[in-house]
Amino acid sequence: MDLLKEKIVAEGKVLSDTVLKVDAFLNHQIDPVFMQEIGKEFANRFRDKNITKILTLESSGIAPATMAGLELDVPVIFARKRQSLTLTNNLLTADVYSFTKQTTSKISVSHDFIQADDRVLVIDDFLANGQAALGLMDIAEQAEATVAGIGIVIEKGFQEGGQALRDKGVKVESLAIIDSLENKQVVFKEEVRQ
Ligand code: 5GP
């Protein structure tokens, strides 16, 4: 997605050979007009998949997932990373190792919002080693729902997550794929359309 690549080049900061900071439009400040375009792009790529629910992870997945939900006219569920006093019953959980925080956290979703007849689109902001997306897939599978696709805003193609998810046979669409962050330069890969 050219608009996203332009935004990454203009506003992203390469923190190291493996970490890109995009606080200016995705992870801290949100550009709503741009985010709506992200939602439209996800909707276009998954419109034929009969999606009934979108599943993401708090907090940075919520904005792109909500915009995609608006376009596809389906509810959006975000997995909680922290224990909640109000989220106690009927929980589906998975352990997720965070690439950026280097800690494992238990993510939770109420079974009330995902059923066996759902066709779930998993959305997340970044794809690194795939732990977050695999945890969300695990939760959908515990509900016996179908994971109909995975939508990622920024995939780091030099890490192993993309391969791990595609090996599972699920349609993975990343709106920008980064080949390298070496020498403080963002090098993009051509988008892979399945
Ligand atoms: P994974 O679970 O695929 O290893 O890592 C994906 C998660 O880690 C995303 O939800 C995202 O929050 C975070 N993440 C991974 N790599 C980056 C990065 O380079 N920049 C930012 N801002 N977040 C990242």
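Parameters and conventions
Within every chain, residues take consecutive numbers counted from 1 along the sequence as written. Predicted model: local features are reported for residues with pLDDT of at least 70 only, side-chain atom pairs are reported and counted for 80 or more only, and whole-chain, interface and lining totals are derived from all residues. Only heavy atoms go into the side-chain values, all of them from the structure, while hydrogens and water stay out. UniProt positions are given in the numbering used here, feature names are shortened, and annotations may be inferred rather than shown by experiment. Aromatic contacts are taken between Phe, Tyr and Trp rings whose centres are within 6.5 Å, Trp giving its six-membered ring; a plane angle under 30 degrees counts as stacked, one over 60 as edge-to-face, and the others as tilted. Whether a charge sits over a ring depends on NZ of Lys or CZ of Arg being within 6 Å of the ring centre and within 35 degrees of the ring normal. Only heavy atoms are used to decide nearness, and a residue is near a molecule or strand if one of them lies within 4 Å of it. Here a polar contact means two N or O atoms within 3.5 Å. Within protein one must be a hydrogen donor candidate and the other an acceptor candidate, and residues neighboring in sequence count only if both atoms are side-chain atoms. Surface accessibility follows the Shrake-Rupley procedure with a 1.4 Å probe radius. Residue values consider only the protein chains on display as shielding. Every helix listed is a DSSP run of H or I at least four residues long, and every strand listed is a run of E at least two residues long, numbered separately from the N terminus. In this count, Pro and Cys sit with the nonpolar residues alongside Ala, Val, Leu, Ile, Met, Phe, Trp and Tyr, while Asp, Glu, Lys and Arg are called charged and the others, Gly among them, polar. When DSSP finds two or more bridges between two strands, those strands count as paired. Lines fitted to C-alpha atoms define the axes, with helix axes restricted to the stretch in contact, and inter-axis angles between N-to-C directions lie between 0 and 180 degrees. For this analysis, residues touch if any pair of their heavy atoms sits within 4.5 Å. A simple rule labels every residue: compare its accessible area, found with a 1.4 Å probe on the protein chains alone, to the largest value its type can have, and call it buried under 20%, exposed over 50%, or partly exposed in between.

- If you check an unreviewed UniProt entry, the protein appears there as Xanthine phosphoribosyltransferase from Oceanobacillus locisalsi.
- In the Pathway (unreviewed entry) part of its UniProt record, the protein is described as follows: "Purine metabolism; XMP biosynthesis via salvage pathway; XMP from xanthine: step 1/1."
- Heading Catalytic activity (unreviewed entry) of the UniProt record for the protein holds this comment: "XMP + diphosphate = xanthine + 5-phospho-alpha-D-ribose 1-diphosphate".

1. Looking at the packing of aromatic side chains
The description of an aromatic ring pair uses the distance of the two centres, along with the angle that the planes make with each other.
No. 1: What the rule picks out here adds up to one aromatic pair.
No. 2: The side chain of Lys 7 reaches across the aromatic face of Phe 34, ending 5.2 Å from its centre.
No. 3: The ring centre of Phe 46 lies 5.3 Å from the NZ or CZ of Lys 171, which sits over that ring.

2. Quick look at the site of the ligand
No. 1: In the vicinity of the ligand there are 16 residues, among which Leu 20, Ala 128, Asn 129, Gly 130 and Lys 156 approach most closely.
No. 2: Contact between the ligand and Leu 20: a nitrogen atom at 2.7 Å from a main-chain N or O atom of the residue.
No. 3: In this structure, an oxygen atom belonging to the ligand sits 3.1 Å away from a main-chain N or O atom of Gln 131.
No. 4: Protein chains bury 89% of the 500 Å² of accessible surface belonging to the ligand in isolation.
No. 5: Only strand 7 (119-127) and helix 5 (131-142) provide two or more residues apiece to the shell around the ligand.
No. 6: For the shell around the ligand, the element with the highest residue contribution is strand 7, accounting for four residues.
No. 7: For the shell around the ligand, the per-class residue count stands at seven nonpolar, six polar and three charged.

3. Notes on the sheet that holds strand 10 (residues 187-189)
Sheet strands pair via backbone hydrogen bonds, and the direction of the pair is either parallel or antiparallel.
No. 1: Spatially, six strands are ordered 4-3-7-8-9-10 in an open sheet, and the strand pairing comes out mixed. The open sheet has two free edges, formed respectively by strand 4 (76-79) and strand 10, since each of these has just one partner strand. Neighbour-to-neighbour, the strand axes of the sheet open up by a mean angle of 25 degrees, direction not taken into account.
No. 2: Judged from the eight bridges that link them, strand 7 and strand 8 (residues 146-156) form a sheet pairing that is parallel. By the bridge assignment for strand 8, Ile 123 is matched with Gly 151.
No. 3: The strands that helix 3 (residues 32-46) touches are strand 7, strand 8 and strand 9 (172-180); relative to strand 9, the one it contacts most, it runs at about 115 degrees.

4. Considering the environment of Asn 90
No. 1: Take Asn 90: it is sitting in the loop between strand 4 and strand 5 (91-97).
No. 2: For the pair Asn 90 and Asp 112, spaced 22 residues apart in sequence, the C-alpha separation works out to 7.2 Å.
No. 3: Sequence-distant contacts of Asn 90, defined by excluding residues within four places in its chain, comprise Val 109, Ser 110, His 111 and Asp 112.
No. 4: A polar contact is formed between the side chain of Asn 90 and the side chain of Asp 112, at a distance of 2.8 Å.

5. Brief notes about the UniProt feature "binding site: xanthine" (unreviewed entry) in the protein
No. 1: When the UniProt feature table is mapped to this numbering, "binding site: xanthine" (unreviewed entry) covers Leu 20, Asn 27 and Lys 156.
No. 2: Secondary-structure assignment places Asn 27 in helix 2 (residues 23-27).
No. 3: In this view, Asn 27 contacts Val 22, Ser 60, Asp 125 and Phe 126; residues no more than four positions away in its chain are not counted.
No. 4: Secondary-structure assignment places Lys 156 in strand 8.
No. 5: Given the relative accessible area of 4%, Lys 156 is considered buried.
No. 6: Once residues lying within four places of it in the same chain are set aside, the contact partners of Lys 156 are Thr 18, Phe 99, Phe 126, Leu 127, Ala 128, Ile 178 and Leu 181.

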